[in-house]
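# Commentary on secondary and tertiary structure
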Amino acid sequence: MAHLVSQEEDILIKEQGYDDHFHEHHHGDKYQSSFIFHYIFSMDHKVIARQFLVTGIIWAIIGAAMSVIFRFQLGFPEESLAWIKPLLGKWIVVDPTTGVGKLAPEFYYALVTMHGTIIVFFVLTAGLSGTFSNLLIPLQIGARDMASPFLNMLSYWFFFLAGIIMFYSLFLSTGPFSGGWVAYPPLSALPQASSGSGTGMTLWIVSLVMFVVSVLLGGINYITTILNLRTKGMSMWRMPLPIWAFFVTAILGLLSFPVLASGFFMLVFDRSLGTSFFLSDIFIAGQALDRVGGSPILFQHLFWFLGHPEVYIIILPAMGIVSEVMSVHARKPIFGYRAMVYSIMAIGFLSFLVWAHHMFMAGVNPFLSNFFVFFTLIIAVPSAIKVFNWITTLYGGNIRLNTPMLFAIGFVSMFISGGLTGIYLGNSAIDIQMHDTYFVVAHFHIVMGVAAFFGMFAGVYHWYPKMYGRFMNETLGKVHFWGTIICAYAIFWPMHYIGMAGVPRRYYSFDTFDAFKHFGEMNKVITIFAILAFFFQLVFVLNFFYSIWFGRKMKTKNPWHANTLEWTTPIEHIHGNWPGNIPTVHRWAYDYNKDEREYVQQHVPLREGEIGDH
Amino acid sequence: MIYLIALAIIVLLAIVLIQIGRISDLSDRIKGEEVAELDNNTTQGKAMVAFMVAFLVFCIWSAWHYKNVMFGFGPLTSASEHGFELDWIFLITLIFTGIVFVITHILLFWYSYRYRKVKGSTAKFFAHDTKLEMIWTAIPAVVMTILVANGLVAWNRIFKPIGPDQKVINIEATGYQFAWDIRYPGPDGKLGNKDYRNIIPGVNDLGLDWNDEAALDDIILAGSDKIVFAKDSTVHVRITAKDVLHNFYLPHFRLKMDAVPGIPTSFTFRPIKTTDEYKEELRKYPEFQTPSDPKDPTSPPRWEVFQYELACAELCGKGHYSMRRIVDVVPRSEYDTWIKGQKSFYFTNIRNTKYDPWKGKKLFASEIESRAVELKSDIDAFVNDNSGSVSRTILLKHIFYNTGSSSLNDNLSRYELDNLVKILNDKPNLRVELAGHTDSVGDAASNMTLSQERAQKAMDYLIAKGISSSRLVAKGYGQTEPIDTNDTEEGREKNRRTELRILSK
């Protein structure tokens, strides 16, 4: 082992023209050295990545706390919520005679809406893809920074601005937007229809338009960087899988978010300028509106043309991260590298042909559904290939079961469980009964909520040393993992049964209906596990922030003995990533346990007769 | 204070957790990191297998335990014909996915344990295997093909357009914040046109177009009425919305469709079990023998109070969760009786009010028919009465004059007058006076003249039909005998009238 390390170091020293152990190159580098430009308006991708991550964590806490509050309403509808009145104020309606406090239905719907919006966009898009695309793209392809560091900085600050606007909307007297994260008009278009559709909706749209700008600035940068700034020898087919995932993700974002933005602009016109893109034949609040000819279904098409690729924008980076983490800690090449890449591409391509499977019951022509069923269920094939490849990666490995690996395995379990229920929902005939029931809630929370979070956690635990130069605590990490996986299944598994019984989602109370009101016990259990799950995430938050300052220090550059280039950079972050020259790449990223060598980093030249690809 | 204590507990817990973390780090360092890693792999590997076993047992046990809420497996069988197709596809999907779920989970967690790093272990270099990859591309592809084929066949059968000679009951459901309006077509079997601009709250909530004759016999259920379907009769539901999106959701019938403002949607289905039959099926299950109100042990069992329900399944605002209607499925014969007993909305609520475009312009066959009976019975009542308690004055409801003139609107008035001719012919002893009245608009003298002339015109008609003038008197009373106030249009309208006064019988 010692011999191996020193040999690699030798190569680095030779290639880079000096030995970074003895030179503190960045001394005297004045670039962005003031506090404000180093930590706040930084253009360094490593700082921006951490900004995305920390902002994402803060939003995740807010979004998860909201879900705990509305789970209280669903699990314990008879209990008083008066204790939370200091936080929620008038949205807790206290009965003056009994003193029992109830969550106002308007605010219940506002919480559900905000929970969805925050987790989908701010946490799992910005927090996951934003963090790891920024951190890993330049480091793993061997680039000094993003193609445009300035746009990259703007990308974060537009996201920040979006967050500020959304946060502000929580405090409006009419409440934040409450029409569901999908914001279907006419509910979202008409302030008469719902109090949250007034100023709350205006701020929601403004915030998300800012967010779209952020995604587009980031995405165009990721694509350009990957296509143009790969180091010598880093052919596309030698890129580590996370980079492939980020690349396809960025393309999806670039093609789909503008469509969402156009939908939003049309919605703004309908709301403010008297147009009728989405409105027709509406009689509301005692008045017949002078709007005819529009189609509410058109908005759904525009929304889901983003909305479906969006779930892959969320899950592809997690898949990429998991592939890398799993290969490193199983000490084995990822099984079927090319199949994995083709699967990512196939999923990315198909994600544009399936959007109307969210709309089988929306009033579109039933004939159209034939195509969408077909394409939707085709996606199961590349997804299945990925699952089998992950499992085979474990087969014959030499697995370290540390926290990042546990989360990577947990991801695969979640992806299987949630993916399989997608086969029910994607089949339009079953969807007649399942559509908009708790079955759907269970499905998408497991497959794109919990699974994506697991991917994110795997990445955070794995690359934490790269980000902060210290390790997160392993014991707390394992408490976090086991607590989370058990709670997550305890929350969402029973929801399948509730959904199969036909209980609709987005119900403030189930008591009105004989068919829906007999699941009180199950709803209690779900709520209890939701609260527990929330506290297990606080263990992560504690571990994260504690370890920034007090975690175990990283002593060697490559603690996981991984092959990718980020582990050749100095422990101490420097601007430009590598002192001296950028390393040259000679092989793919997954030469683990090949030819008696435990691992072979990408910059190690080929031996005679050795093949650098796979 | 309580918040402070909560905060203190959280801080304390955080400190405890950090200490646990530090101690475990420390003990790892004492053990040596290599040994600690291997120990950890074994513990975590065992934990993975334990989790896998517990998880799979939990999944299978819970599926068994809750099979009675899963559709198609327990009491919640389909109440509609097409529902069984869904249940079948659900079942084959469950079988395929269940197998995959169990196998992949066993492999995933077992490999994690089996191939953990132990002392002296190494990994295989196993990067790809084309044959293996072909196999597991082909298997899902084949399975998906089976599922897609089955699914689409069922889907297209469910949404097959209604054939030209297929008999269906057309009904319409309109969602609004936060309830449903249900409309039945009446005897013509056709739902009349509607337009949201016609909506007048409380008068015409659906905006039906009364100029469309198909709308006139339409039945609109009151808010608390059950929606009634006939067993084994196909129903075509036209689904519309007034304000925002709603969704017409009948969970027991496996039926769901969005209600979209401006774009009517529909769903065709056939109920196959009456409410009573469904109750009998539920009765067999122990969970349906428990009290319907968990807090009241004396309440009737759940199966007994069972009712089909209509719900909303598309977020429509703060009252979304409360849009309940009860659905009743009855045998066809009972349905036919029920539908006959329902009153047309137009004739009950709109006819001859100011919203009625046909007022004074048209008499409907049913009105002509029932009026003939009514007039005859009114006259008979007086003729046969010996107590003197029955009024001799009978309002001739269907006599109309052209506006501002004394000329008779023959087209509409002939029915009433012909009926009168018939009665006068049947009862040769009857002598009657035709009494004209006006409202108080205009001056009294000219009103007197107008009423006299109008009464005369009605008498002339009767004479022309062969009634002897000796049996008839025409008399105008002008505005002297109002039966209602002259201050409102409705009152004045009632005051303008022609009456029949029986002089001798």
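Basis of the calculations
Residues numbered from 1 in each chain as written. Chains lettered and ligands numbered in written order. Predicted model: local features only at pLDDT ≥ 70, side-chain atom pairs only at ≥ 80, totals over all residues. Helix = DSSP H or I, 4+ residues; strand = E, 2+ residues; numbered from the N terminus. Rg over C-alpha atoms; globule rule 2.2 N^0.38 Å. Buried ≥ 20, exposed ≤ 12 C-beta atoms within 10 Å, placed from the backbone. Contact = placed C-beta atoms within 7 Å. Pairing = 2+ DSSP bridges. Axes fitted to C-alpha atoms, helices over the stretch in contact; angles between N-to-C directions. Core = buried A, V, L, I, M, F, W, Y, C linked by C-beta atoms within 7 Å. Domains from an automatic or database assignment.

### Observations regarding the overall build of chain A
On a plain count of helices and strands, chain A comes out with 17 helices and 8 strands. By the compact-globule yardstick of 25 Å for 614 residues, chain A fits well, its C-alpha radius of gyration being 25 Å. With the C-alpha coordinates of chain A rotated into their principal frame, the extents come out at 80 × 50 × 50 Å. Counting across all 614 residues of chain A, residues that qualify as buried make up 62%. Counted over contacts in chain A with a minimum sequence separation of 6, partners at least 24 positions apart contribute 79%.

### Comments concerning the sheet that holds strand 11 (residues 393–395) of chain B
Residue and element names in this part refer to chain B. Reading across from one edge, 11-14-12-13 is the order of the 4 strands in this open sheet, with mixed pairing throughout. If you trace the sheet from one side to the other, it starts and ends with strand 11 and strand 13 (472–476), each paired once. Each strand of the sheet is rotated relative to its neighbour by a mean of 25°, with strand direction disregarded. On the sheet, helix 11 (residues 444–464) packs against strand 12 (431–437), strand 13 and strand 14 (497–504) and is oriented at approximately 160° with respect to strand 13.

### Focus on the nonpolar core
Residues and elements named next belong to chain A. Judged by nonpolar contacts, the single largest core of 293 residues is most densely connected at I315, A318, F411, A451, A452 and A458. Considering each element in turn, this core owes the most residues, 22 residues, to helix 5 (residues 105–141). Look past the residues within four positions of A451 in its chain and what remains in contact with it is I315, A318, F411, M414, F415, G418 and I446.

### Considerations on the domain arrangement of chain B
Here chain B is described as being made up of domain 1 (1–28), domain 2 (32–119 + 130–158), domain 3 (169–350) and domain 4 (365–504). One C-alpha centre belongs to domain 2 of chain B, the other to domain 4 of chain B; they are set 83 Å apart.

### Structural notes on the pairing of strand 4 (residues 227–230) of chain B
All names here are of chain B. Residues I227 and F229 point to one face of strand 4 and V228 and A230 to the other, with burial holding for every one of them. Pairing of strand 4 with strand 10 (residues 325–330), which is carried by 4 bridges, proceeds in the parallel orientation. Residue pairing in the sheet places A230 in a bridge with V330 of strand 10.

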